Amino acid sequence: MCSSDLLREFHDGRPWEARPAVVVDALEDSFRFFVPFGTRAVRAIGADGGRLRLPTGEWGHGRSAPSSKAVLSVASTVRPHAVLAIWDEGWIPRCWYVNLQAPLRRTSIGFDTTDLFLDLVGTPDATTWTWKDEDEATQAVAAGLLDDGTLGRIRDEAEGIASAIRRREPPFDGDWWAWRPDPAWAVPDLPADWDRG
């Protein structure tokens, strides 16, 4: 497959974050993406120019610095998660990252989702896992962006994915940390119409 596409998070019908990615391949009910070192994204910012954490009030957009990390991810089209293997510079494994999000939706310029605020982070050997952004999830519930029932379901989803990674179930049965991109792949750019509805 190997083409460049746009991954976007939406809130309230507006793009919250957008990043270009290489589509590595399509699996049964998911896609695998690669975001290389040096990729730049667009993120939601407040009036002060600072990055926002929750989609409340008004926001604009700002471009990020070139990424110092590389990411290989698999995102589901039917279940509420994406799983990321993240490397620091020099291809040093940093962590597993389970991002809880709405199932991917295909668009004419890429894939859209909605972030569900809570994340689970694991060590490269997948033996130790910690919750990330629990405070944001609590604030999202208080703001009416997420309900307690959904929060409980996505916690269960993340714990199930962590168990699948530990047991090396497909698509985590190969050595993700040994994976490398084709050297001919360029760092993808944001398209001019990244914010198209």
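Residues numbered from 1 in each chain as written. Predicted model: local features only at pLDDT ≥ 70, side-chain atom pairs only at ≥ 80, totals over all residues. Heavy atoms only, no water.

### Some details on the nonpolar core
Ranked by internal contacts, the top residues of the largest apolar core, which has 32 residues, are Trp96, Trp129, Ile165 and Phe172. Mapped onto this core, the elements with two or more residues apiece are strand S2 (14-26), strand S6 (70-76), strand S7 (81-88), strand S8 (92-101), strand S11 (115-122), helix H1 (134-142) and helix H2 (148-166). Per-element accounting of this core gives the leading share, 7 residues, to H2. In contact with isoleucine 165, not counting residues within four places along its chain, are Val83, Trp96, Ala126, Trp129 and Phe172. Judged by nonpolar contacts, the second largest core, of 16 residues, contains Leu7, Phe31, Val71 and Ile86. (Core = buried A, V, L, I, M, F, W, Y, C linked by side-chain atoms within 4.5 Å. Buried < 20%, exposed > 50% of the residue type's maximum accessible area, 1.4 Å probe, protein only. Helix = DSSP H or I, 4+ residues; strand = E, 2+ residues; numbered from the N terminus. Contact = heavy atoms within 4.5 Å.)

### As for H2
Note: α-helices contain 3.6 residues per turn, so residues at a spacing of three or four share the same orientation. For H2, with 19 residues, the first-to-last C-alpha span of 27 Å sits near the 27 Å given by 1.5 Å per residue. Taken together, the buried positions of H2 are Thr150, Leu151, Ile154, Glu157, Ala158, Ile161, Ala162, Ser163, Ala164 and Ile165. For H2, the secondary structure elements touched by its buried residues are S7, S8, S11, strand S12 (129-132) and H1. N-cap assignment for H2: the residue whose side-chain oxygen lies 3.0 Å from the backbone N of glycine 149 is aspartate 147. A positive backbone phi angle near 55° is found at arginine 168, which sits one or two residues after H2. (Expected span 1.5 Å × (residues − 1). Polar contact = N/O pair within 3.5 Å; in protein donor to acceptor, adjacent residues only side chain to side chain.)

### Let's talk about unusual backbone geometry
Going from proline 170 to proline 171, the amide bond is cis rather than trans, its omega being 5°. Checked against the element boundaries, proline 171 lands in the segment after H2. Unlike most non-glycine residues, arginine 168 shows phi in positive territory, near 55°. If you trace the backbone, arginine 168 turns up in the segment after H2.

### Looking at the packing of aromatic side chains
Under the criterion given, the structure shown has 16 aromatic pairs. Ring plane angle 85° and centroid distance 4.9 Å describe the contact between tryptophan 16 and tryptophan 59, whose orientation is recorded as edge-to-face. Placement of tryptophan 16 in strand S2 and of tryptophan 59 in the loop between strand S4 (42-45) and strand S5 (60-63) is noted, with a sequence separation of 43 residues between them. What makes tryptophan 16 buried here is its relative accessible area of 6%. For the pair tryptophan 87 and tryptophan 179, a centre-to-centre distance of 6.5 Å together with 35° between the ring planes defines the contact as tilted. Here tryptophan 179 lies in the segment after H2 and tryptophan 87 lies in strand S7, a separation of 92 residues in the sequence. Members of the aromatic cluster, joined through ring pairs, are Phe34, Phe37, Trp87, Trp91, Trp96, Phe172, Trp176, Trp177, Trp179 and Trp185. (Phe/Tyr/Trp six-rings, centres within 6.5 Å; stacked < 30°, edge-to-face > 60°.)

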